[in-house]
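# An overview of the molecular structure
Listed below are the residues making up each chain.
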Amino acid sequence: MPKEAKKEAKTAKKAEKLAGEILAQAKHFAAEKPDEVKKALAFCGPYKAYLDASKTERECAANTVRILQKAGYKPFVAGKKLAAGDKVYLLHRGKAVIAATLGKQSLEKGVRMVISHIDSPRLDLKPAPLYEAEELSYFKTHYYGGVRKYQWVAIPLSMHGVVVKKDGTSVEISLGEAEGDPVFTITDLLPHLSAEQNKRSLADGIRGEELNILVGALPFEEPEAKEAVKLETMRLLHEKYGIAERDFARAEIEFVPAMKAADVGFDGSMVGAYGQDDRVCAYTSLMAETETKSPEFTSVCVMVDKEETGSDGNTGLAGDFFFHFLQELCEQQKANYRTMLAASVCLSADVNAAYDPTFPDVYEKRNTCFMNHGAVLTKYTGARGKGSTSDASAEFMGYVTRLFDDAGVPWQIGELGKVDAGGGGTIAKFVANKNVEVVDIGVPVLSMHSPFEITSKLDVYTLYQGFKAFVAAKE
Ligand code: MN
Ligand code: MN
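Here's what I pulled together on the structure shown here. (Residues numbered from 1 in each chain as written. Chains lettered and ligands numbered in written order. Predicted model: local features only at pLDDT ≥ 70, side-chain atom pairs only at ≥ 80, totals over all residues. Heavy atoms only, no water.)

### Description of the pairing of strand β6 (residues 136–144)
Our working definition: Two strands qualify as a pair provided that DSSP identifies no fewer than 2 bridges between them. Secondary structure counts use DSSP, requiring at least four H or I residues in a row for a helix and at least two E residues in a row for a strand, with both numbered from the N terminus.
As paired elements, strand β5 (residues 122–133) and β6 share eight bridges and run antiparallel to each other. Directly across from Asp124, in β6, lies its bridge partner His142. The loop that links β5 with its antiparallel partner β6 comprises two residues; one of these, Glu134, has a positive phi angle of about 45°. By the bridge criterion, three bridges tie β6 to strand β10 (residues 213–216) in an arrangement that is antiparallel.

### Here we look at the coordination of the manganese ion (ligand 1)
Put simply, the test is: Metal-coordinating donors are taken as N, O and S atoms lying within 2.8 Å of the metal, or within 3.2 Å when the metal is Na, K or Ca; because water is left out, some sites can appear incomplete. Accessible area is worked out with a 1.4 Å probe on protein chains only. A residue is then buried under 20% of its type maximum, exposed over 50%, and partly exposed in between.
For the manganese ion (ligand 1), the protein coordination sphere consists of His117 (NE2), Asp277 (OD), Asp350 (OD) and Asp350 (OD), at 2.1 to 2.6 Å. Counting residues between consecutive donors of the manganese ion (ligand 1) along the chain gives the motif H-x159-D-x72-D. The metal-metal distance between the manganese ion (ligand 1) and the manganese ion (ligand 2) is 3.3 Å, with Asp277 coordinating both. Placement of Asp277 in helix α6 (residues 276–290) and of Asp350 in the loop between β15 (345–349) and β16 (352–353) is noted, with a sequence separation of 73 residues between them. Like Asp350, Asp277 is buried.

### Digging into the pairing of strand β19 (residues 437–442)
Across the six residues of β19, five count as buried, placing the element largely inside the fold. Alignment of β15 against β19, held across five bridges, turns out to be parallel. Bridging from a neighbouring strand, Leu347 pairs with Val439 of β19. Pairing analysis gives three bridges linking strand β17 (residues 375–378) to β19, with the strands arranged antiparallel. By the bridge assignment, Thr378 is partnered in β19 with Asp440.

### So, the side chain of Glu307
To be explicit about the condition: Contacts: residue pairs with any heavy atoms within 4.5 Å of one another.
Summarising the element assignment, Glu307 is placed in the loop between β14 (299–304) and α7 (321–333). The residues contacting Glu307, other than those within four sequence positions of it, are His117, Asp119, Tyr144, Asp350, Gly425, Thr426 and Ile427.

### Focus: the coordination of the manganese ion (ligand 2)
The expected angle between donors at a tetrahedral four-coordinate metal is 109.5 degrees. At an octahedral six-coordinate metal it is 90 or 180 degrees. Here the manganese ion (ligand 2) is held by Asp277 (OD), Glu308 (OE), Glu308 (OE) and His449 (NE2), and the distances to it run 2.1 to 2.7 Å. We note that the donor set of the manganese ion (ligand 2) lies within a single chain, spaced as D-x30-E-x140-H.

### Description of the packing of aromatic side chains
Cut-off, in case you're wondering: Two aromatic rings from Phe, Tyr or Trp, using only the six-membered ring of Trp, form a pair when their centres are within 6.5 Å; if the ring planes differ by under 30 degrees the pair is stacked, by over 60 it is edge-to-face, and anything between is tilted. Comment: the charge-over-ring label is applied if NZ (Lys) or CZ (Arg) is within 6 Å of the ring centre and within 35 degrees of the ring normal.
Going through the model one piece at a time under the given rule, you end up with 16 aromatic pairs. Between the aromatic rings of Phe43 and Tyr461, the centroid separation amounts to 5.7 Å while the plane-to-plane angle is 65°, which identifies the pairing as edge-to-face. Of this pair, Phe43 sits in helix α3 (residues 37–52) while Tyr461 is found in helix α11 (residues 457–472), placing the two residues 418 residues apart along the sequence. Under the relative-accessibility criterion, Phe43 is labelled buried at 13%. The ring centre of Phe470 lies 5.4 Å from the NZ or CZ of Arg112, which sits over that ring.

### A word on the pattern of salt bridges
Cut-off, in case you're wondering: Each salt bridge in this description consists of a side-chain nitrogen of Lys or Arg and a carboxyl oxygen of Asp or Glu lying within 4 Å of one another.
Applying the stated criterion across every chain, the model contains 24 salt bridges. Measuring nitrogen to oxygen at the nearest pair gives 3.5 Å for the salt bridge that ties Glu36 to Lys33. The closest approach of N and O atoms between Asp263 and Lys48, which form a salt bridge, is 2.6 Å. One end of the pair, Asp263, is in strand β12 (residues 262–264); the other, Lys48, is in helix α3, with 215 residues separating them in the sequence. Classification of Asp263 as partly exposed rests on a relative accessible area of 42%. The buried category is assigned to Lys48, whose relative accessible area is 16%. Three or more residues are tied together by salt bridges with common partners; here these are Glu57, Arg122, Asp124 and Glu254.

### Some thoughts on the environment of Thr56
Residue placement: Thr56 occurs in the loop between α3 and α4 (57–70). In this structure Thr56 comes out as buried when scored by relative accessible area, which is 4%. The spacing of Thr56 and Arg93 is 37 residues in sequence and 14 Å in space, taken between C-alpha atoms. Excluding residues within four positions of it along the chain, Thr56 makes contact with Ile118, His160, Glu254 and Arg279.

### Topic: the sheet that holds strand β13 (residues 270–273)
Cut-off, in case you're wondering: Whenever a helix is involved, its axis is fitted only over the stretch in contact; in every case the axis is a line through C-alpha atoms, and angles between N-to-C directions fall within 0 to 180 degrees.
Taken in spatial order, the three strands make up an open sheet running β12-β13-β21, and their pairing is antiparallel. Among the strands making up the open sheet, the edge pair consists of β12 and β21 (453–456). Strand-to-strand twist across the sheet, computed as the mean angle between neighbouring axes with direction ignored, equals 35°. Pairing between β13 and β21: four bridges, direction antiparallel.

Rendered as structure tokens:
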């Protein structure tokens, strides 16, 4: 080798070495952990089953409770003394779940919270939903959460929820998921006649009052009767569920995509399913929680409702129910509630937007999360100059990333899109406001909030490992 070339090669080696030491290296999970790919893929089999059985917050809460009971968790009873290693759960109003494993240390040393949400964007029925138009019957809806309305037409929808009847009894509905069930749909125009509709903006392509679900077409046995199709639809509902039209006013009925979770890609390495925001965090944190044995600090795994509408209400985290639970725990142990909060740490478990190569304009590539690069830490959320965010401290970012590095958990950072491109919030601020250290963590998601969201199985597995490391931490 000529002298010049030799010198160049030596310099390049030096640069490579230095870069390896002090520059951030982004790596595909398969490159970083080749031995764990198979395990990661297998982990998501039960995850898909969890999604299929958890199409709404109520179903997810009930499904979660079944898993907790099987894992030996006992119902939480206020005032009852608990010892280290005890496992308890609380089902809150049927829509939120708290599971805890009592630690060896006093609560005043702080608890480890992992908090996800189990509500997802969807179409709720209005209180007076049923009507007939030109001999077809429909339900009126009001969308819940951030929905791109055009994505919800011309797909099969299923019906889920609870109806409280006049006499106070209630009936649960889940229709459109089982083999042989009918499904429902919202119609859209055919391309041949959509010239005018095509002039609308995408946001306006389908309007809120156009999200009307087709639910029937046959008339009552006396077809001349007034609104005979509506009558027949209501008759069928009455026959099947014992409900009358007025009962819709005392109901919570949600329409969601009637699709099962599926493997995506020739390699089957991705999960496609409705509601992965944020049931992916619910499932992974639940698995980490149930596998926890005699932790140093009390672990509290929480799944809340109403995140998609701002967390307000008696099942959301802006409300008090979760903090009341913590107060009850403290009272049992005669621990100081404020001391416990100040010493506590929390992972706000929620998803982030994966970089989408088809739509690069909305992302700032250096600060975006990528599919297969591991659990994503989102230091702050919010919009327009970090408005309405909880910005994790350098110290807490240091703590969490150190934990992950020590446990060999691949992590990446992620900001939700370019500055001023949009934004969003999570439950993090409601916990931070109580004087708890908190940071957002989740997985990258493609097509977030759509009827068919995409995650990487490798990331899902990584997140689970991250939660395990967090819950098992000794300091
Ligand atoms: Mn979310
Ligand atoms: Mn969301």
